[in-house]
Amino acid sequence: MEFLQPSTWQEALAARAEFPDAVPVAGGTDVMVEINFDRRRPGALLDLTRITELREWSRESDADGARVRLGSGVSYTRLIAELGDELPGLAMASRTVGSPQIRNRGTVGGNLGAGSPAGDSHPPLLATDAVVEVASAARGTRFIPIIEFYLGVKKTALAEDELIAAILLTPASGPQQFCKIGTRNAMVIAVSAFGFALHPARRSVGTGIGSAAPTPRRAHEAETFLAGELEAAGLWDSRGPLPESLTREFGSRVSDAAAPIDDVRGSAAYRRRSLAVMAHRAANWAWNDYRKAA
Ligand SMILES: Cc1cc2nc3c(=O)[nH]c(=O)nc-3n(C[C@H](O)[C@H](O)[C@H](O)COP(=O)(O)OP(=O)(O)OC[C@H]3O[C@@H](n4cnc5c(N)ncnc54)[C@H](O)[C@@H]3O)c2cc1C
């Protein structure tokens, strides 16, 4: 097996184009497991860990406003320590990933590259309208809205000659939540997961469903419903309490947006039920935080 170790981004893109069967490695916490269990035997590995800019994040702003540019190789540990205020939903999800060792190595770029419907970063990325910055040697950089990134089970919009450079995220303008159900509290693949974001600046809400459909997905109809009810009742301004019936109905609509299967981790029925409960709770927790912030 060849081991390619570029030290610059341009070299990495050139290697990606020249060796299409080379598997990129960021933290290696997915790739090395697959090689270890003989699920994958690539002709070459493309080690990205020497490319400094992938491990950096920065604050940027332009006509569209402020954003965080998170290099695809920033570890979960650093994201949690350094970006908890700006990206609270993604930081919450990151805290639930694996163990400290996995969080030290694992990256959001790797979670996206793996494209598993159970990846924990996906619900908060969906709930906050993240954008994935990808590049190839031949065509340069392009930006993929997260909603267009997931194409099927472990299938993404990344082309064969492309690498993920960064994830672009808008700093939170309101409270965010992440809930995950597993068979135990840590070191667990989600049975189902839910990301929620209140966007008071644009009076909308964002959702992300994990592990309950062939791809991570949003619950569009539930989002429109809740934002509409908040608007109609003047709740964005009054910050009054959320009626119980409203969050229950929201939970039920989130559950309707899922398309789960029965598998070894849980039944489709359990996934649907757990999503309804998580969405109801996440909306209440976030709303209570919004009220306290007044
Ligand atoms: C014990 C254990 C526990 C785990 N627990 C969780 C968990 O709780 N939640 C969870 O979501 N995941 C979990 N995982 C899976 C894994 O840690 C995550 O998916 C992690 O985000 C992968 O990141 P990485 O940098 O290690 O990716 P890698 O293993 O390096 O790569 C993963 C995939 O992405 C591709 N890739 C990596 N970087 C790029 C890039 N820049 N451009 C294009 N493609 C790229 C690789 O080719 C590969 O296909 C666990 C894994 C283990 C071993």
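Residues numbered from 1 in each chain as written. Predicted model: local features only at pLDDT ≥ 70, side-chain atom pairs only at ≥ 80, totals over all residues. Heavy atoms only, no water.

This paragraph deals with the overall build of the protein chain. A tally of regular secondary structure across the protein chain gives 11 helices and 13 strands. Against the compact-globule benchmark of 19 Å for 294 residues, the protein chain has a radius of gyration of 19 Å, which places it among compact chains. Once the C-alpha set of the protein chain is aligned to its principal axes, its extents read approximately 60 × 45 × 30 Å. Residues classed as buried in the protein chain amount to 53% of the 294 residues present. If you take every contact in the protein chain between residues at least 6 apart in sequence, the share linking residues at least 24 apart comes to 62%. Summed over its atoms, the accessible surface of the protein chain is roughly 13400 Å², and 51% of this surface lies on carbon and sulfur atoms. (Helix = DSSP H or I, 4+ residues; strand = E, 2+ residues; numbered from the N terminus. Rg over C-alpha atoms; globule rule 2.2 N^0.38 Å. Buried < 20%, exposed > 50% of the residue type's maximum accessible area, 1.4 Å probe, protein only. Contact = heavy atoms within 4.5 Å. Areas by Shrake-Rupley, 256 points an atom, 1.4 Å probe, with all protein chains shown as cover.)

As a further point, take the side chain of N111. Tracing the chain through its elements places N111 in helix α6 (residues 108–114). Engagement of the side chain of N111 in a polar contact is seen with the backbone nitrogen of D120, the distance being 3.4 Å. Once residues within four sequence positions are removed from consideration, N111 is found in contact with Y76, S116, G119, D120, S121 and H122. (Polar contact = N/O pair within 3.5 Å; in protein donor to acceptor, adjacent residues only side chain to side chain.)

This part covers the sheet that holds strand β2 (residues 22–25). The three strands are arranged β1-β3-β2 in an open sheet whose pairing can be described as parallel. Of all the strands in the sheet, just β1 (2–4) and β2 have a single pairing partner and so form its edges. Strand-to-strand twist of the sheet, defined as the mean angle between neighbouring strand axes without regard to direction, takes the value 25°. Two elements, β2 and strand β3 (residues 44–47), share four bridges in a ladder whose sense is parallel. Its bridge partner lying in β3, P24 is registered against L46. Its contacts with the sheet place helix α1 (residues 9–18) against β1, β2 and β3, and it is angled at close to 160° to β3. (Pairing = 2+ DSSP bridges. Axes fitted to C-alpha atoms, helices over the stretch in contact; angles between N-to-C directions.)

Once that is clear, we can look at the sheet that holds strand β6 (residues 131–136). The sheet built from five strands is open, its strands ordered β4-β5-β10-β6-β7 with antiparallel pairing. On the outer flanks of this sheet lie β4 (57–62) and β7 (140–145), each paired with one strand and no other. Mean inter-strand twist for the sheet, computed between neighbouring axes without regard to direction, equals 30°. Where β6 and β7 come together, six bridges link them in antiparallel fashion. Bridging from a neighbouring strand, A135 pairs with T141 of β7. Most of the contacts of α1 go to strand β10 (residues 163–169), to which it runs at about 125°, and overall it touches β6 and β10.

Now for helix α4 (residues 88–95). With six of its eight residues buried, α4 lies for the most part within the structure. Those residues of α4 that sit buried are P88, G89, L90, A91, A93 and S94.

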